[in-house]
Amino acid sequence: MDLKETIYKRQSIRKYDGDSLSDETLDEIRQFIHSARPLNPDIEWSYDIVGGDNVRTLQRFKAPHYLLMFSQEKDNYLQNIGFIFQQVDLFLQSRGIGSCWIGAGGPKDYEIPKGQKFIILIAFGKPQGKLYRESSEFQRKIICEISDERDSKLMPARLAPSAANTQTWYFTHNDDGSYNLYRNKRKIKLNKKMDVWNQIDMGIALAHLYVTNEDTFKFSLDGPHEGLKNKVFEGTFTI
Ligand SMILES: Cc1cc2nc3c(=O)[nH]c(=O)nc-3n(C[C@H](O)[C@H](O)[C@H](O)COP(=O)(O)O)c2cc1C
């Protein structure tokens, strides 16, 4: 299955069979990560693949592998990490490997790369049970809730994963065919980290639009845009 098709089938996996993936598979994953497109090439980032001993999470489940992501704190670094590693999430699932973004966790007994900060992790491994879901099983907002116009080109972004399924993205259409991306401000701050996670979510949604429009996707952090009430402008893009 290719990355595009995976968008319509993927789901977060929270049950793993415990077996480690082969060294060859882990190498393929590393190769893919190195070839993934960044949203902002001026930001330094890094990653590592570790086992459960180097991770603390609040989750009840355990996975055989974890991807730790680190970044320089600069410009749109949270979007950038979401953008790069959602391509990786799709790659894993396209190869029959289960995965789940984990906000509630971090590295343990681990030396963080100098000049970078730990951002987030992804659990992955062979799934116990079914990997893919039917399209009817996606729990997502309807398109009118996330866009000023009904537009099937935004469908891949609509299906993107987000922290606690908050889906705080909002898209508007410009006269020249480009789009603006906004993030809904959350009225109730149940979790202090939700603002951070929701910025990662913006990059995740953009990754789905990049994967489905590889040749035409262009993103810019600024551009003429309207201020919208209770929304933060997150950039302009063409697809
Ligand atoms: C930034 C981010 C953080 C997340 N943190 C967690 C987490 O800590 N624990 C968890 O079980 N799932 C976590 N998830 C997974 C979401 O709950 C999940 O993507 C969302 O509910 C949509 O479901 P789906 O991925 O199966 O389509 C996170 C997802 C994202 C994008």
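## Considering the domain arrangement of the protein
It is common to give the size of an interface as the accessible area that goes away when the parts come together. Entries for the protein in the domain assignment read domain 1 (3-125) and domain 2 (137-238). Placing a centre on the C-alpha atoms of domain 1 and another on those of domain 2 gives a separation of 21 Å. Listed by partner, the interface residues are 22 residues for domain 1 and 25 residues for domain 2. Taking both partners together, domain 1 and domain 2 bury about 2100 Å²; carbon and sulfur atoms supply 72% of that area. On the domain 1 side of the contact with domain 2, I7, L78 and Q79 bury the most area, a combined 27% of that side's loss. The interface formed by domain 1 and domain 2 contains zero salt bridges. Applying the counting criterion to the domain 1 and domain 2 interface returns three residue pairs in polar contact (both at pLDDT 80 or more).

## Comments concerning the pairing of strand β7 (residues 169-173)
Of all five residues that make up β7, five are buried, and the element is covered over most of its length. Pairing geometry for β7 and strand β8 (residues 179-184), over five bridges, is antiparallel. Bridge assignment links Y170 to a residue of β8, and that residue is Y182. What sits between β7 and β8 in their antiparallel hairpin is a turn of five residues, with G177 showing a positive phi close to 95 degrees.

## Brief notes about the sheet that holds strand β4 (residues 98-102)
Pairing in this open sheet of four strands is antiparallel, and the strands run β1-β3-β6-β4 from one edge to the other. One side of each edge strand has no neighbouring strand; the edge strands of this open sheet are β1 (45-50) and β4. Averaged over all pairs of adjacent strands, the angle between their axes in this sheet comes to 20 degrees, without regard to strand direction. Two strands pair when backbone bridges link them, and β4 and strand β6 (residues 117-125) are joined in this way by five bridges, in the antiparallel orientation. Bridge pairing links S99 to F124 in β6. Packing of helix α2 (residues 23-35) onto the sheet brings it into contact with β1, β3 (65-71) and β6, and relative to β1 it is tilted by some 170 degrees.

## Regarding unusual backbone geometry
In this structure, D109 takes a positive phi of about 50 degrees despite not being glycine. With respect to the secondary-structure elements, D109 resides in the loop between β5 (105-107) and β6. You can call D109 exposed: its relative accessible area is 69%.

## Considerations on the packing of aromatic side chains
On inspection of all chains with the given rule, the structure shows 13 aromatic pairs. Ring geometry for Y16 and F61: centres 6.1 Å apart, planes at 40 degrees, overall tilted. With Y16 in the loop between α1 (3-7) and α2 and F61 in the loop between β2 (55-57) and β3, the pair connects residues that are 45 residues apart, well separated along the chain. Exposure class is identical for Y16 and F61. Each is buried. These aromatic residues form a ring-pair network of at least three members: F83, F171, Y179, Y210, F217 and F237. It is R133 that lies over the ring of F138; its NZ or CZ is 4.6 Å from the centre. Positioned above the aromatic ring of Y170 is the side chain of K231, whose terminal nitrogen or guanidinium carbon lies 4.6 Å from the ring centre.

The rules behind these values
- Residues numbered from 1 in each chain as written.
- Predicted model: local features only at pLDDT ≥ 70, side-chain atom pairs only at ≥ 80, totals over all residues.
- Heavy atoms only, no water.
- Domains from an automatic or database assignment.
- Contact = heavy atoms within 4.5 Å.
- Buried area = accessible area lost by both parts, 1.4 Å probe.
- Salt bridge = Lys/Arg side-chain N within 4 Å of Asp/Glu carboxyl O.
- Polar contact = N/O pair within 3.5 Å; in protein donor to acceptor, adjacent residues only side chain to side chain.
- Buried < 20%, exposed > 50% of the residue type's maximum accessible area, 1.4 Å probe, protein only.
- Helix = DSSP H or I, 4+ residues; strand = E, 2+ residues; numbered from the N terminus.
- Pairing = 2+ DSSP bridges.
- Axes fitted to C-alpha atoms, helices over the stretch in contact; angles between N-to-C directions.
- Phe/Tyr/Trp six-rings, centres within 6.5 Å; stacked < 30°, edge-to-face > 60°.
- Lys NZ or Arg CZ within 6 Å of the ring centre and 35° of its normal.

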